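Each chain is listed here by its residues.
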Amino acid sequence: RAKSDGRGCYRFFEARMGAQVRDRRLMEHDLRHAVTRGELAIVYQPQTRIDTGETVGFEALLRWIHPERGHVSPALFIPVAEETGAILAIGEWVLRETCREAASWRRPLRVAVNVSAVQIHSPAFAELVHAVLLTTGLPAERLELEITETALIRDLPRALATLRKVKALGVRIAMDDFGTGYSSLSNLRAFPFDKIKIDASFTRSVDTSEQAAAIVRTVLGLGRGLGLPVLAEGVETIAELAFLGAEACPEAQGYLFGRPSAIAAFAHLTGEPEPAAGAEPRVMAA
Ligand code: C2E
Ligand code: MG
Ligand code: MG
Ligand code: MG
């Protein structure tokens, strides 16, 4: 009996594995065409200066609207795109689209673009960034690249050389998801970061967990000591914001300030002119 149970269990496992592998193959296949089929979209989330409440920039976040699956989370498809190499074409598209979009804003706000490990370690990444800035006309100092520590460890000397070239263009570099993954304080010293982004997992419990509060205070102290501005990710509540304000955290980002949305939703922040009252389309009431 035990034996047959075991086999049944194994068959179930095998069937599930089969479905997962098929699913994965399908996703790999579909991802290769996502750019050319126009299934990718970029949404933007405001980054806010806490003491004045003003919007200082936006983070660009990728969305995949699959014809059958609907919205696929980047947390699901980015790792697949990294393994197949599709991330190179996708990442280039995100960079170009985002820079072109930001260059059109009336207000000279910053824009942050997430960059994957595969991009950082690909040859000529710095040259690509340079070319995109030239063709889109976005001033280098308005572009910020967000990179996780984990993205750097594959080949630290190579990653460092690339980041130095990017920095030399005048582009800013932010350490994303600080405190998670293979964090090492020596990375903060060795790499030319301009900002630390505290991971949302810490921000989310500052008002309820002494440990999370202590970690956030420590990162803020680290930022002050190193002269690096800190941004707290994933701020959802007034209580979290109050804590961050009291601890003099410079910047924040999260649903409290705005959910990632099409840029048109933030026209009042990017400085687009309000449509003239007379120009508004009107529907006549019967
Ligand atoms: P990330 O760069 O750390 O982005 C922050 C994530 O937190 C985003 O998830 C954002 O939608 C979400 N978020 C923002 N505020 C809040 C909040 O108040 N509460 C909660 N619960 N979540 C919040 P998203 O858009 O699903 O992206 C997930 C991750 O996928 C990103 O984490 C980033 O690592 C990656 N990603 C997104 N776009 C790109 C891209 O263009 N290229 C690459 N390489 N990776 C990307
Ligand atoms: Mg990010
Ligand atoms: Mg993050
Ligand atoms: Mg909370």
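In what follows, the structure referred to is the one given above.
Residues numbered from 1 in each chain as written. Chains lettered and ligands numbered in written order. Predicted model: local features only at pLDDT ≥ 70, side-chain atom pairs only at ≥ 80, totals over all residues. Heavy atoms only, no water.

1. Remarks on the coordination of the magnesium ion (ligand 2)
Each donor-metal-donor angle in an ideal tetrahedron of four donors is 109.5 degrees, and each such angle in an ideal octahedron of six donors is either 90 or 180 degrees. E59 (OE), N114 (OD1), E146 (OE) and D176 (OD) make up the full set of protein donors to the magnesium ion (ligand 2), lying at 2.0 to 2.2 Å. Along the chain, the residues donating to the magnesium ion (ligand 2) are arranged with the sequence spacing E-x54-N-x31-E-x29-D. Distance-wise, the magnesium ion (ligand 3) is placed 4.1 Å from the magnesium ion (ligand 2), both being coordinated by D176. Note that E146 is positioned in strand β5 (residues 143-148) and D176 in strand β6 (residues 172-178), a separation of 30 residues in sequence. Assessed through its relative accessible area of 7%, D176 is described here as buried. (Donors = N, O, S within 2.8 Å, 3.2 Å for Na, K, Ca; no water. Helix = DSSP H or I, 4+ residues; strand = E, 2+ residues; numbered from the N terminus. Buried < 20%, exposed > 50% of the residue type's maximum accessible area, 1.4 Å probe, protein only.)

2. Concerning the coordination of the magnesium ion (ligand 4)
In this structure, R204 (O) and E240 (OE) serve as the protein donors to the magnesium ion (ligand 4), at separations of 2.3 to 2.4 Å. In this pair, R204 is assigned in the loop between α8 (200-203) and α9 (210-226) and E240 in helix α10 (residues 238-246), connecting sequence segments 36 residues apart. With a relative accessible area of 42%, R204 lands in the partly exposed category. By relative accessible area, E240 is classed as buried at 4%.

3. Brief notes about the site of ligand 1
Taken together, 21 residues lie around ligand 1, and R63, N114, D176, E236 and Y255 are the ones closest in. Within the side chain of D177, an N or O atom sits 3.0 Å from an oxygen atom of ligand 1. Here an oxygen atom of ligand 1 sits 2.8 Å away from a polar atom, N or O, in the main chain of Y255. In isolation ligand 1 exposes 790 Å². Once the protein is present, 80% of that is buried. Most atoms of ligand 1, that is more than half of them, are within 2 Å of grid points of the largest pocket. Elements supplying a minimum of two residues to the shell around ligand 1: β2 (55-66), α2 (74-84) and β6. The element that contributes the greatest number of residues to the shell around ligand 1 is β2, accounting for 4 residues. Taken together, the residues of the shell around ligand 1 sort by class into 8 nonpolar, 5 polar and 8 charged. (Near = heavy atom within 4 Å. Polar contact = N/O pair within 3.5 Å; in protein donor to acceptor, adjacent residues only side chain to side chain. Areas by Shrake-Rupley, 256 points an atom, 1.4 Å probe, with all protein chains shown as cover. 1 Å grid on protein atoms, 1.4 Å probe; cavity = no way out; pocket = protein on both sides within 12 Å on 5 of 7 lines; lining within 4 Å. Sits in = over half its atoms within 2 Å of the grid points. Nonpolar A, V, L, I, M, F, W, Y, C, P; charged D, E, K, R; others polar.)

Function cannot be inferred from these measures alone, as they are strictly geometric.
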